Every structure is written in C-alpha cells, then in structure tokens.
Amino acid sequence: MMYTESDRIKEAVKMTRKMIEISPNNAQSRFSLAYIYRYTGMNEEAVIETDKALILDGENQKFRSCMITYTNAGKYEQALTVYNNFIESSFTVYQYGYTLFHMGRRQESIEYFKRSFELDSKGMTRQLSKAMLAFMEGNKDEVKTLMIELESYELKDAEPYYYYAEIYGLINDKPACYRCLIRAIDGGFFNYPLMIRDVFFDPIRDDSEFQKIIELAKTKHLAFKKELF
C-alpha cells in the first residue's frame, strides 16, 4: 500500500500477487490488491478483490475504505450496504454522503456531511464535509478557502488530491482542479474509467484542458492494464 501511494504501482502489484500466491485466503492481501486496482482504474477487479476480503474478514475496521472502491466502480448500493460493517466515524459517514451525492441524492447527502463534520474535530474529513456543505449553500469562496487549506497539508498519498480536484470541479475552479488532478495522476492515482463519468467534473467536462489531462490518466491506465493483465 505504501508503494501504491508513492507511484510504485507495478512493484505493489507484483508483491501483493506474491502474497496471495503464498496465502490465498489472507484478507489483508486481498484488500491490498483491491486498493491497488482502485488507484489504477481496474474497478471491476477491485470490487472482486474487495468482496473476497470482506468475506474473509468483514468486520476488519481497516477495510473501511472499501466504501470508496464500491463507489468508484459505480456499485453505489454495495457502498451503502457495507457501511454497516464499520464503526461510525467521520470517514464512514462522509463516504456515505459522498456516495449519495454520486447517486444524485444531494439533499439526503447533506445530513451525512453535517454528521461527518460533527464527528471530526480537526481532520481532513471535517474539511471535506464543510466544503461540501458550503457548496450546497452556494458559498464558493468558502469552498476555495477550505480546499486551499487542505492542499497545504502536502500529503504524499496521491488519492486525496483526486478528491480535492473533484470539489474544485464542482465550483468550476479550473486551475485548482487541474493542479490537483495532475498531482493525483503523476502520483499514481490514474482511475481513468472513474474520471470520464465522475459527476463532480460535469461543470468542466467539455473543457479541452480537462480532456487533455485525463488523457494522461488514460495512457497510464492502459499501460498498466496491458502489462499486468
């Protein structure tokens, strides 16, 4: 997972597949492979490995990000259902609201973003929740302020920058969106199949620069798929 978050994807895959070869019924190995596939846009494969991990160890609280895996694959009902496997936290509640938002159930998502905000005193999920609530209220300036603060954390993991790009996309802040999206792709998160249908990018989808940037993700995604599948 550390390799995945630092754009050493091929090494991560080879290591994890070796782990599974040694111990096919190891839930952590299955989850790790699903994690890698989520980054690389192999969404159906990510779902398959996630299902296996949950069958083997469905109450493992470390597997809570499987909600993201299901949502990214468009398996929204599964994401909502698996929520019940995990202890309520700012993260899981935010992900529930995030999934509802993807489903077009925006009004329902508000209550989950509010609850997520209440559960987290200072973390990243609190900021994301507050940003989503500010967007719902039409306060784009507050959204920008919150997102700039999140960017200042300088995370090494590429995936959060994708979710920053999403929110910038919602408010049609193209420079900020593209800055974060490029950082995500360059850092190893190149889930191209998600990018081409992500509702967060609807306000900027037809922009030529956006199309150019996601072509970078497409190139990395197809190269990964060709070499390792």
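Details of the structure are given in the entry above.
Nothing here was measured: the structure is a model prediction, and the numbers come from that model.

What counts, and where the lines are drawn
- Residues numbered from 1 in each chain as written.
- Predicted model: local features only at pLDDT ≥ 70, side-chain atom pairs only at ≥ 80, totals over all residues.
- Heavy atoms only, no water.
- Helix = DSSP H or I, 4+ residues; strand = E, 2+ residues; numbered from the N terminus.
- Expected span 1.5 Å × (residues − 1).
- Polar contact = N/O pair within 3.5 Å; in protein donor to acceptor, adjacent residues only side chain to side chain.
- Salt bridge = Lys/Arg side-chain N within 4 Å of Asp/Glu carboxyl O.
- Buried < 20%, exposed > 50% of the residue type's maximum accessible area, 1.4 Å probe, protein only.
- Phe/Tyr/Trp six-rings, centres within 6.5 Å; stacked < 30°, edge-to-face > 60°.
- Lys NZ or Arg CZ within 6 Å of the ring centre and 35° of its normal.
- Contact = heavy atoms within 4.5 Å.

A. How the structure looks around helix H2 (residues 27-40). Over its 14 residues, H2 extends 20 Å from the first C-alpha to the last, a length consistent with the 20 Å expected when each residue adds 1.5 Å. Between the side-chain oxygen at the start of H2 and the backbone nitrogen of Gln28 there is a gap of 3.1 Å, and the oxygen is on Asn26. Downstream of H2 by a residue or two, Gly41 has a phi angle that is positive, lying close to 85°.

B. Local environment of the pattern of salt bridges. The full count for this structure, using the stated rule, is 16 salt bridges. Here Arg115 ties to Glu118 by a salt bridge, and the two come within 3.8 Å at their closest N and O atoms. One end of the pair, Arg115, and the other, Glu118, are both in helix H7 (residues 106-119), 3 residues apart, so they sit about a helical turn from each other. For Glu118, a relative accessible area of 58% puts it in the exposed group.

C. Just the environment of Met19, in detail. Of note, Met19 is situated in helix H1 (residues 9-22). Given a relative accessible area of 31%, Met19 falls into the partly exposed group. Put simply, Met19 and Leu33 are 14 residues apart on the chain and 9.7 Å apart in space, counted from C-alpha to C-alpha.

D. Representation of the packing of aromatic side chains within the structure. The full count for this structure, using the stated rule, is 21 aromatic pairs. Summarising the aromatic geometry, the rings of Tyr35 and Tyr39 are spaced 5.0 Å apart at their centres and angled 40° between planes, so their arrangement reads as tilted. On the criterion of helical spacing, the pair formed by Tyr35 and Tyr39 is a turn pair, its members being 4 residues apart in helix H2. Pair check on accessibility: Tyr35 and Tyr39 agree, each one buried. Here the aromatic rings of Tyr162 and Phe201 are separated by 5.7 Å at their centres, their planes lie at 85°, and the arrangement is edge-to-face. Of this pair, Tyr162 sits in helix H10 (residues 159-170) while Phe201 sits in the loop between helix H12 (192-195) and helix H13 (208-228), and the two are 39 residues apart along the sequence. The two residues Tyr162 and Phe201 agree in class, both being buried. Between Arg17 and the ring centre of Phe229, over which it is positioned, the NZ or CZ distance is 5.1 Å. The lysine or arginine in question, Arg126, covers the ring of Phe117, its NZ or CZ lying 3.8 Å from the ring centre.

E. Representation of the environment of His221. Following the sequence through the fold, His221 ends up in helix H13. Its relative accessible area of 6% is what places His221 among the buried residues. Residues His221 and Pro193 lie 28 residues apart in sequence; the distance between their C-alpha atoms is 8.8 Å. Sequence-distant contacts of His221, defined by excluding residues within four places in its chain, comprise Thr40, Gly41, Met42, Phe190, Tyr192 and Pro193.

F. Region of interest: the environment of Asp202. Along the chain, Asp202 falls in the loop between H12 and H13. Residues Asp202 and Ile148, 54 residues apart in the sequence, show an inter-C-alpha distance of 21 Å.

G. Quick peek at unusual backbone geometry. A positive phi is found at Asp7, a non-glycine position, where the angle reads about 60°. Locating Asp7 in the fold gives a position in the segment before H1. The partly exposed category is assigned to Asp7, whose relative accessible area is 33%. Not every positive phi belongs to a glycine, and Glu154 is a case in point at roughly 55°. Inspection of the secondary structure assignment puts Glu154 in the loop between helix H9 (140-151) and H10.

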